[in-house]
Amino acid sequence: MANAQSRTLLLFGATGDLSKRMLLPSLYALHCDGLIAADLRIMGTARSELDDEAFRAMAGEALAHFLPEARKDDEKIASFLKQLSYQPLDASKIEGFAALAERLGDISGGMSIFLSTAPFLFTPTIQGLKSAGLAGEMVRIGLEKPLGNDLASSCAINDAVAHAFPEDRTFRIDHYLGKETVQNLMALRFANMMFEPLWNANGIEHIQITVSETVGLEGRHGFYDDTGALRDMVQNHILQLVALTAMEPPAEFDATSIRDEKVKVLRSLRPVSPNEVVRGQYGAGAVGGNSVSSYADDLGKPSDTETFVAIKAHVDNWRWQGVPFYLRTGKRLAERRSEIVIQFKQVPHNIFAQRGGRLSANRLVIRLQPEEYVRLLVMAKEPGLDRGGLILREVPLDLSLTAAFSKAQRRIAYERLLLDLVDGEPTLFVRRDEVEAQWRWIDAIRKTWADHAIEPKSYGSGSWGPSAAIALTERDGVSWND
Ligand code: BG6
């Protein structure tokens, strides 16, 4: 039952920002390419008192605003909007759910729910769905973050969900898992012979993961200030990247095998000591040539929330003993960039030394965004007769995924994840044990901050974070890949 294609998709928060920017444009793209059934009913719900027509008008405006020009097609937009309907609902009151159920009518063809809501509405929403008979065997639920803000609150939400939806019908979203290059990481590791034999403490010196952004608060004042970079980005996206980079080869490409391997990594993360983590908060500065104000000014009050984190992490198992994972993320940094850098070890002996040849160790750069490429830096000899000595240089072996697959339609993460939700394909969704292992590690870091009264250090907007983040790697003789 759980993996049959649903005939109805119910979107909570349908008038919100995520819906306008991501969900509706993604569903439209799937509609255009015939990937969702033409008769899939997409019902939106939120507090606003809209009727179907007003919701379609709102969706039409969102598409006009957020779709790339090349994707706009009036006929297809019109046929897509016909798939939409709307039912207002105040999710804090249980009574409204009966009207929602009545409006939905027969859901025996299967229903997928996409729930993105304020944390305080989670439990009432789940209870409301259950009480109205909207949580039966044919219904699965996709959960968008934030799913709690520590282990205890995440467990409370997961318990409330589990009361109505068993784990195999619960699809926790981490949109990084829907990104093309993130999945390509698995292809790179497990569809090629040459990397895996070196992918361990014998071959790798350290790993860096950077998810840097140039944007600041973007109007999310309340949410962000209560959350901070550690919980907004490290707890989910960065730890999922760590898990995919560090996991053992799963026996098969399926939900259980992959998630089993990821959770082992997450459980092997060593608690971080106070000198292995740097907190930062952006000050005023310039990003992309524009001057921007400080976090406190953006927020309108002083705050001790971090907008930047750098961590030296360790995965305590055989494969990764002694290999640091340097992680960093932040807002208002110099560039928007997500990447994983694998720094291989130096060759055991430099045979070129006496001829002046200097070697750099190989480095594999997996750029997830904004560009999508895999670049292997290898040593080559500079052409010439070498009378004055032999010059060796690092040259890139480039695999541009955008160029190699130029004909393939690029899909944003939510297209894939919404389709997988409707199809009941759970591989790219996060299992409860993964989320709990993630929170356990994050809670310990927050406790360290509290115990040692560690406050965020200021960094200039447009920089790469506080100088302490540079010192974090430099004291190990490592430079960030800036
Ligand atoms: C979200 C965070 O999960 O991810 C945001 O809440 C962040 O703060 C965003 O900006 C980054 O996503 P992406 O896909 O733009 O890298």
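Residues numbered from 1 in each chain as written. Predicted model: local features only at pLDDT ≥ 70, side-chain atom pairs only at ≥ 80, totals over all residues. Heavy atoms only, no water.

> How should I be thinking about the UniProt feature "active site" (unreviewed entry) in the protein chain in this particular structure?
With numbering matched to this structure, UniProt assigns "active site" (unreviewed entry) to His237. Note on placement: His237 falls in helix 8 (residues 221-246). Residue class for His237 comes out buried when judged on its relative accessible area of 3%. The contact partners of His237, leaving out residues within four places of it in the chain, are Lys145, Asp174, His175, Tyr176 and Asp232. Of note is the side chain of His237, whose polar atom sits 2.7 Å from the side chain of Asp174. (UniProt positions renumbered as here; feature names shortened; annotations may be inferred. Helix = DSSP H or I, 4+ residues; strand = E, 2+ residues; numbered from the N terminus. Buried < 20%, exposed > 50% of the residue type's maximum accessible area, 1.4 Å probe, protein only. Contact = heavy atoms within 4.5 Å. Polar contact = N/O pair within 3.5 Å; in protein donor to acceptor, adjacent residues only side chain to side chain.)

> How should the site of the ligand be read in this particular structure?
Residues in close proximity to the ligand include Lys145, His175, Tyr176, Lys179, Glu213, Arg220, Asp232, Met233, His237, Lys331, Arg336 and Gln369, which together make up its full environment. Between the ligand and the protein, one listed contact pairs an oxygen atom with a side-chain N or O atom of Lys179 at 2.6 Å. In this structure, an oxygen atom belonging to the ligand sits 2.8 Å away from a side-chain N or O atom of Lys331. Isolated, the ligand exposes 390 Å² of accessible area, and the fraction of that covered by the protein chains is 82%. With three residues, the single largest contributor to the shell around the ligand is helix 8. (Near = heavy atom within 4 Å. Areas by Shrake-Rupley, 256 points an atom, 1.4 Å probe, with all protein chains shown as cover.)

> Can you help me understand helix 13 (residues 432-451) in this one?
Structurally, the α-helix is built with 3.6 residues per turn, so residues lying three or four positions apart point the same way. Given a rise of 1.5 Å per residue, 20 residues ought to cover 28 Å, and the 28 Å separating the end C-alpha atoms of helix 13 matches this to within 8%. Turning to helix 13, its buried residues are Arg432, Glu434, Val435, Glu436, Ala437, Gln438, Trp439, Trp441, Ile442, Ile445, Thr448 and Trp449. Of the residues flanking the end of helix 13, it is Ala453, one or two places downstream, whose phi is positive at about 45 degrees. (Expected span 1.5 Å × (residues − 1).)

> I'm lost on the nonpolar core in this one. Help?
In globular proteins that are soluble, nonpolar side chains generally tend to be buried together. The biggest cluster of nonpolar side chains holds 108 residues, and the ones touching the most others in it are Val242, Ile311, Phe325, Leu364 and Trp441. It is helix 8 that contributes the most residues to this core, 12 residues altogether. Dropping the residues within four chain positions of it, Leu364 is found in contact with Leu188, Phe195, Trp199, Ile340, Val341, Ile342, Phe344, Val374, Arg375 and Leu376. Core analysis: the next-biggest nonpolar cluster, separate from the first, contains 27 residues, Leu115, Leu121, Leu134 and Ile141 among them. (Core = buried A, V, L, I, M, F, W, Y, C linked by side-chain atoms within 4.5 Å.)

> Is there a simple way to think about the pairing of strand 13 (residues 363-369) in this case?
The side chains of a regular strand alternate between both faces of the sheet. Across the seven residues of strand 13, seven count as buried, placing the element largely inside the fold. Sheet topology note: the strand 13/strand 14 (residues 373-381) ladder contains five bridges and is antiparallel. Within strand 14, the position partnered with Leu364 by the bridge is Leu376. The turn linking strand 13 back onto strand 14 is made up of three residues. (Pairing = 2+ DSSP bridges.)

> Quick question: what am I supposed to make of the UniProt feature "binding site: NADP(+)" (unreviewed entry) in the protein chain here?
In the UniProt entry, the feature "binding site: NADP(+)" (unreviewed entry) is given for Gly13, Ala14, Thr15, Gly16, Asp17, Leu18, Ser19, Lys20, Arg47 and Lys145. Within the fold, Ser19 resides in helix 1 (residues 17-32). Residues contacting Ser19, with those up to four places away along its chain left out, are Gly13, Ala14, Leu24 and Pro25. Once residues within four sequence positions are removed from consideration, Arg47 is found in contact with Tyr86, Pro88, Leu89 and Asp90.

> I tried to follow the side chain of Asn236 on my own but got confused; where do I start?
In this fold, Asn236 is placed in helix 8. Sequence-distant contacts of Asn236, defined by excluding residues within four places in its chain, comprise Lys145, Asp174, Arg231 and Gln438.

> Would you take a moment to explain the pattern of salt bridges for this structure?
When charged atoms on two side chains of opposite charge get close, those side chains can pair. Tallied over the full model, the rule gives 40 salt bridges. One salt bridge in this structure joins Lys262 and Glu434, with 3.0 Å as the shortest N-O distance. A residue pair is termed long-range when its members are at least 10 positions apart, and Lys262 in helix 9 (residues 255-267) and Glu434 in helix 13 qualify at 172 residues. Each member of the pair Lys262 and Glu434 is classed as buried. Members of the salt-bridge network, linked through shared partners, are Glu335, Arg337, Glu339, Arg367 and Glu371. (Salt bridge = Lys/Arg side-chain N within 4 Å of Asp/Glu carboxyl O.)

> Can you help me understand the packing of helix 1 against helix 12 (residues 413-423) in this one?
The description of two helices packed together rests on the angle between their axes and the distance between the axes. The interhelical angle for the contact between helix 1 and helix 12, taken along N-to-C directions, is 70 degrees, at an axis separation of 8 Å. Overall, the two elements helix 1 and helix 12 adopt an arrangement that is roughly perpendicular. Both helix 1 and helix 12 take part in a crossing whose hand is right-handed. Side by side, helix 1 and helix 12 meet where Leu18, Met22, Leu23, Ser26, Leu27, Ala29 and Leu30 of the first sit next to Tyr414, Glu415, Leu418 and Leu419 of the second. Looking at the contact of helix 1 with helix 12, its residues break down into nine nonpolar, one polar and one charged. (Axes fitted to C-alpha atoms, helices over the stretch in contact; angles between N-to-C directions. Parallel < 35°, antiparallel > 145°, perpendicular 65-115°, else oblique. Left-handed = near helix turned anticlockwise from the far one by under 90°. Nonpolar A, V, L, I, M, F, W, Y, C, P; charged D, E, K, R; others polar.)

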